[in-house]
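So the chains spell out like this:
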Amino acid sequence: MKSSVSLFSFLAIFIVAASVVSTTGCSYDVEDELFPVEMAPGGCDTTGITYQGSVVPLLDENCNTCHGAGIGLGNVFLEPYAEVIPYVTNGLLICSIQQDGGCSPMPKNGPKLADCEIASIQKWISDGALDN
Ligand code: HEC
């Protein structure tokens, strides 16, 4: 008798514990959806994004051989900052690197930027495209 009672309590505790664990599991899933930009798929960390720290290095490495100051292929200049802003405002900066049609895909004749690099530029824009 005593052992069947303790078996019952063991099962009851197990079921409660299992449902707590599965509920907690669900809340992690929701958290991913609540912060899609801060932490994009693949563990891309876009906290602390700045123009000088993140965007300029990406433009220098991938774009400014063609769009740097004094070069400006296609009459598109992506430095200094004041030259970049019109392409933020008209949407062509994001359109070109996302390569989803509606504008020329960039970098021209080069591999598409990594998802995390695109997410970093998007985050900088959604933060107000500051000269920071
Ligand atoms: C190899 C040279 C080259 C590189 C590298 C390059 N571009 Fe371009 N880009 C061009 C040329 C040439 C044009 C104008 C002709 C065209 O639209 O294809 C252009 C046009 C553009 C335009 C205007 C697009 C439109 O549809 O009007 C944008 C915006 C742009 N580039 C952004 C970028 C960005 C951002 C990068 C880096 C991720 C980049 N480019 C890398 C050569 C390049």
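See the structure printed just above.
These notes cover the structure that comes with them. (Residues numbered from 1 in each chain as written. Predicted model: local features only at pLDDT ≥ 70, side-chain atom pairs only at ≥ 80, totals over all residues. Heavy atoms only, no water.)

1. Some remarks on the coordination of the iron atom of the ligand
Ideal geometry at a metal centre gives angles of 109.5 degrees when four donors are arranged tetrahedrally and 90 or 180 degrees when six donors are arranged octahedrally.
Phase 1 of the analysis: Coordination sphere of the iron atom of the ligand, protein contribution only: His67 (NE2) and Met106 (SD), at 1.9 to 2.2 Å.
Phase 2 of the analysis: One way to put it: the six donor atoms around the iron atom of the ligand meet at angles of 86 to 177 degrees, and that makes the site octahedral. Taken together, the positions of His67 in helix H3 (residues 64-67) and Met106 in the loop between helix H5 (92-98) and helix H6 (115-126) put the pair 39 residues apart, joining distant regions of the chain. Each member of the pair, His67 as well as Met106, carries the same accessibility label: buried. (Donors = N, O, S within 2.8 Å, 3.2 Å for Na, K, Ca; no water. Tetrahedral: all angles 85-135°; square planar, octahedral: opposite > 155°, others 65-115°. Helix = DSSP H or I, 4+ residues; strand = E, 2+ residues; numbered from the N terminus. Buried < 20%, exposed > 50% of the residue type's maximum accessible area, 1.4 Å probe, protein only.)

2. Re the site of the ligand
Phase 1 of the analysis: In the vicinity of the ligand there are 18 residues, among which Cys63, Cys66, His67, Met106 and Lys108 approach most closely.
Phase 2 of the analysis: Within the contact set of the ligand, a nitrogen atom lies 2.7 Å away from a side-chain nitrogen or oxygen of His67.
Phase 3 of the analysis: A distance of 2.7 Å separates an oxygen atom of the ligand from a polar side-chain atom of Ser104.
Phase 4 of the analysis: Because more than half of its atoms lie within 2 Å of the grid, the ligand is assigned to the largest pocket.
Phase 5 of the analysis: Elements represented by at least two residues in the shell around the ligand include exactly H3 and H5. (Near = heavy atom within 4 Å. Polar contact = N/O pair within 3.5 Å; in protein donor to acceptor, adjacent residues only side chain to side chain. 1 Å grid on protein atoms, 1.4 Å probe; cavity = no way out; pocket = protein on both sides within 12 Å on 5 of 7 lines; lining within 4 Å. Sits in = over half its atoms within 2 Å of the grid points.)

Such coordinate-based values are descriptive only and should not be taken to indicate function.
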